[in-house]
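Observations on the model geometry
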Amino acid sequence: MKHLLSINDLSREDAILILDTAAELSRIADGPMKKLPTLRGRTIVNLFAEDSTRTRISFEAAAKRLSADVINFSAKGSSLSKGESLKDTALTLQAMGADAVVIRHPASGAPTRLAENQWMSGAVINAGDGTHEHPSQALLDAFTIRKHLAKGATDLAGLRVAIVGDILHSRVARSNVLLLTKLGAHVTLIAPPTLLPFGVESWPVSISYDLDSVISNVDVLMMLRIQQERMQERFFPNAREYSRYFGLNRDRMNSMLPNSIVMHPGPMNRGLEITADAADSARSVIVEQVSNGVSVRMAILYLLLAGLPIEGGIN
Amino acid sequence: MSYLLKNGILPNGAKTDLAIQDQLLVSPDALDKNHRIIELDGKQILPGLVDLHTHLREPGFEEAETVATGSLSAVRGGYTAISAMANTSPVADTAGVVEQVFRLGQLTGLCDVFPIGAVTQGLNGEALSEIGAMADSSARVRVFSDDGKCVFDPLIMRRALEYVKKFDGVIAQHAQEPGLTIGAQMNEGEISAQLGLKGWPAVAEEAIIARDVLLAEHTKSRLHICHLTTAGGVEIIRGAKSRGVQVTAEVTPHHLLLTDDYAKNYDPIFKVNPPLRLESDVLALRAGLADGTIDIVATDHAPHSLESKDCEWAEASFGMVGLETALSIVIKTMVETGVMDYLAVADRLSIAPARIGRYETHGQSLEVGKVANLTIVDTAAKWIVDRDLMSTRSKNTPFHGFELPGVVTHTFFNGKLVFGG
C-alpha cells in the first residue's frame, strides 16, 4: 500500500492491521514516553485546501509523536487561495521533498489525481475529499467501536451500526459504509429520502427513513453533521422538522440498548442533529473518537512510511 | 487538377471509378489528358462527411483551436463541412461574427465552415439574437443553437422555433434542464454516488427533449436535438417522429462507445457535457442510430487547452475533441457490430446532416454533375490514436491509445485533394 485514498484500497486484513497497530501505539502513548523516533527525518505536509481544524491537528499530532517534520499548508493566505493549481502545488511539494502529503480538498477525487499523476512521488493520504471519502475518520470510528463493543474480536462481526443524517454529501458515511461492512458489521443508513445518494439500494446496507423504528435495535448510533448550506438548498423544510424526525435527543437516547454507544465525527451542531444532553451523556464516545483519531493516524503514517529507507541513513 | 479514382467501393457496395474535374464529378471519358490516377484498390468511397456540431474556438479561445487548425483536423477525419458552434468570444450572435467565422473558413479553404448562430444574445437565454440578420448574411446561417447552454425558457424556445420558419431554419437544442443540473459533474448513477461527484440525471435531458418536441409539434417548426445520451431520450424522439413531428437528433461518437465507468479514476479527459451514461444507454443510442430514430452522428468536437484538463475533476472543462476519430468510432461501434452498412454510414455522417443544415453542395449522391466532396477510407486498416499526432490544436481526446478501425486516406473538397495522397 503506497497511498490511502479510499477504504477500497484496503483489504480486510489491511484494515485490521491498521487497527491493531493503532491499539499498540495508543498503549505507548499512554506510557511515559509519548514520542517515538520512527519517522525522524521524514517530512509530512498537511495540505488543507478546506478548513478543518480537528483533522489537521490530529494528523499533526500523529506525525509529531512519530518525530516527523510537519509542514502545514492551508488554504487561507497560501498560494491555494490565490488560484494556484493542484498540479503546481504538488510540484512544489515534490521539490521540497515531502515524503507524504495529507490532503483535505473540496473536490472529490483530488487526492486520487495527486497520487495517479506523476506530479509527486510521496505517499498521499486522503484526509477528506469533497463528498467522496474520509478513510482515516472511518478507521478511527471502527477503532472506537471495536474497543467498546467487539469483546476482544479483531473485527466488527455481527455489530449493528446506524448512520443518521446527510448521507448524500457525507464522505464520512461513504468511508464508514465501506469499512464497517468489510469488517462484518451490519450498517443501516437513516435519512430523509432527499439526503440519500442515487442508487443507494445497491449498497450493502439497509435503508430506513425512520430513526425511531431502528434506534432500539442498534449497538452504535452515528450522527452526522447537517451543514447550513443543505438547509439553504431545501433538502428538508427547516431545521426544526429535521430535528423532530432525525435528531438525537434524550427521549430517543433512552430507547437505545443498554451498552450501545453514540458517535459523531464532529463538529456538532448542538440542538440540530444532536442535543447537548445526548452529546454529553455516558453513551457518548465523541470525545474519545478524537483521541483515538491520533492513534489511528499514527498507525496510518507508520504503516505507509516506516518501511521506506531514510535518506542519509539516520534512524 | 483532375483525378481519376480507380477501383473504389461506393456506399452501396458497387465497385466503381470516379472522375473529378473542375470541382465536379464527371464522366471518366470527359477527363483532361493530364489527370492524376489514384488507385483505390477497393477502398470505401463516402460522400464528404458533414459535422453539424463543432467547436472551433475562434474568435476568443485561439489557444485551444482556430478555424484553420479545426479545418485541418476536419479533413484528416474525412469531413468536408463543419459547423462552428456559437459559444465563442464574442458569441456568434450577430451577422458580424458569423461572417468573420465563415470568411476564415473560406480563407483556410480546406473545407466549408458553416457558422451556427446563437439563439439568444450572449447565450444567456433571455432575448433572441439577431437571427434574421445572421440568416441573411453572407454566412447564410440556417442552424441556431445556444449549445453549451440550454434554451431553458419555454417562451423563448417557442419564439425561436417560430421565428426560424421564415427562412427554413432549425433550432438545435442543448437539452439540459438547468434547475436539475446545478453543479452537475457526471451522470447521476451508482458511480457518481460512489465517487461523490454531483449527478446529472437522465431526466434533466429528457424533460427538455419532451417539452421541445411538443413545442415543435405545436409550432410546426424544425427542431434538432443535440447530442442525445439517454435511452429515454431515444424513446421520446421515436414517439415524436411517429406522430410526424419535424424533429431530428444527433449522437456523438463518444456516447456510442464510452460509459460513466471511465470516470472512476477522476481523469477529467472523460468529463463531457452531456455526460457519459450507462451501457444500456449506449446500446439504446446505437439501436436508435441504426433504425434512423437518431438521424446523424455529430462530433461535438470540443478542444480545450491542456491546463483545463490537467486538474481536479470538478475544476476541469467539459468536452472532448472528436473530428479525427469520429468515423473510426462509428465503424467500430456500428459497422463492425453489424448494425449499419456503409450506405447507412454515408447517410448518418453526410447526407442527413447536410440536409438538416441545408448545406446544398454536401451530402450529395456520388454521380456525374455533383460537386466533388468525398472521402476515401481504408476500412480494413487499423490505427492507434495518438493525441500528439493529431491536427487539432488540443490534445483532449478520450481515445488516446485506443486501436480503432478505418483510416481516412484522402479527402476531396470541391474537387481539390485537401488531405492525403
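Conventions we followed
- Residues numbered from 1 in each chain as written.
- Chains lettered and ligands numbered in written order.
- Predicted model: local features only at pLDDT ≥ 70, side-chain atom pairs only at ≥ 80, totals over all residues.
- Helix = DSSP H or I, 4+ residues; strand = E, 2+ residues; numbered from the N terminus.
- Rg over C-alpha atoms; globule rule 2.2 N^0.38 Å.
- Buried ≥ 20, exposed ≤ 12 C-beta atoms within 10 Å, placed from the backbone.
- Contact = placed C-beta atoms within 7 Å.
- Pairing = 2+ DSSP bridges.
- Axes fitted to C-alpha atoms, helices over the stretch in contact; angles between N-to-C directions.
- Domains from an automatic or database assignment.
- Nonpolar A, V, L, I, M, F, W, Y, C, P; charged D, E, K, R; others polar.
- Core = buried A, V, L, I, M, F, W, Y, C linked by C-beta atoms within 7 Å.

1. Examining the overall build of chain A
When helices and strands are counted, chain A shows 12 helices and 9 strands. Over its C-alpha trace chain A gives a radius of gyration of 20 Å, about what one expects of a compact globule, namely 20 Å for 315 residues. Residues classed as buried in chain A amount to 50% of the 315 residues present. Put simply, 77% of the contacts in chain A that link residues at least 6 apart link residues at least 24 apart.

2. Topic: the interface of chain A and chain B
Contact with chain A, which involves 20 residues of that partner, is made by 17 residues of chain B. Elements with a contribution of two residues or more to the side of chain A that touches chain B: α3 (86-95), α4 (110-116) and α6 (171-182) of chain A. Sort the elements by how many residues they give to the side of chain A that touches chain B and α4 of chain A lands first, with 4 residues.

3. As for the sheet that holds strand β6 (residues 186-190) of chain A
All names here are of chain A. Taken together, 5 strands build an open sheet; the order of strands is β7-β6-β5-β8-β9 and the sheet is parallel. The open sheet has two edge strands with one neighbour each: β7 (206-208) and β9 (261-263). With strand direction ignored, the average angle separating the axes of adjacent strands in the sheet is 20°. By the bridge criterion, 3 bridges tie β6 to β7 in an arrangement that is parallel.

4. Topic: the domain arrangement of chain A
Residues and elements named next belong to chain A. Along its sequence, chain A is organised into domain 1 (7-133 + 291-305) and domain 2 (135-289). Listed by partner, the interface residues are 23 residues for domain 1 and 22 residues for domain 2. For the side of domain 1 that touches domain 2, the secondary structure elements donating two or more residues are α1 (12-30), β4 (123-129) and α12 (286-305). Among the residues making up the side of domain 1 that touches domain 2, the classes are represented as 9 nonpolar, 9 polar and 5 charged.

5. A short note on the sheet that holds strand β9 (residues 143-145) of chain B
Within the open sheet, the 5 strands sit side by side as β9-β10-β13-β14-β15 (chain B). Their pairing is parallel. Bordering the open sheet on either side are β9 and β15 (296-297) of chain B, each of which pairs with just one other strand.

6. Quick word on the nonpolar core
Among the nonpolar cores identified, the biggest contains 230 residues, and V101, V164, L221 and L301 of chain A together with F144 of chain B are the most heavily contacted of them. Element by element, the count of residues in this core is highest for α12 of chain A, at 10 residues. Each of two domains, domain 1 (7-133 + 291-305) and domain 2 (135-289) of chain A, supplies a minimum of three residues to this core. With residues near it in sequence (within four places) discarded, V164 of chain A still touches I190, A191, L211, L221, M222, M223, L224 and F246 of chain A.

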